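Listed below are the residues making up each chain.
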Amino acid sequence: MLLYTKQGCHLCEDARAVVTDVCEAAGEAWREIDIEVDDAPGGDLVERYGDYVPVVEVDGVQQGFWRVDGARLARRLAR
């Protein structure tokens, strides 16, 4: 599970807390990627996600952006 964020983003802070709680409860590993620091092979993360962070991705599929729905994320991880 990936959480795309950027520095100074208050929604990213909220999303990080939700992702931490949900993944901890599900025993799921996750990784945070700062779109302004980390490079992506084959694409610019700022261009792709800049207006949408935070963005949650599970198994390569975008699950949501801006506000992370903890219940929805938990259901997705349970699959």
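Everything numeric in this text was worked out from a predicted model, so none of it was measured. (Residues numbered from 1 in each chain as written. Predicted model: local features only at pLDDT ≥ 70, side-chain atom pairs only at ≥ 80, totals over all residues. Heavy atoms only, no water.)

> In this structure, what is going on with helix H1 (residues 10-26)? I would like to understand it.
For H1, with 17 residues, the first-to-last C-alpha span of 25 Å sits near the 24 Å given by 1.5 Å per residue. Here the buried face of H1 lies against strand S1 (2-5), strand S3 (55-58) and helix H3 (70-78). Looking one or two residues beyond H1, the residue adopting positive phi is Gly27, at roughly 70°. (Helix = DSSP H or I, 4+ residues; strand = E, 2+ residues; numbered from the N terminus. Expected span 1.5 Å × (residues − 1). Contact = heavy atoms within 4.5 Å.)

> I'm lost on unusual backbone geometry in this one. Help?
What is expected of a backbone is that most residues other than glycine have negative phi and most peptide bonds are trans. Here the amide bond leading from Val53 into Pro54 is cis, since omega sits at 0°, within 30 degrees of zero. Following the sequence through the fold, Pro54 ends up in the loop between helix H2 (45-49) and S3. Positive phi, normally seen in glycine, also occurs at Asp59, with a value near 55°. With respect to the helices and strands, the residue Asp59 is situated in the loop between S3 and strand S4 (61-65).

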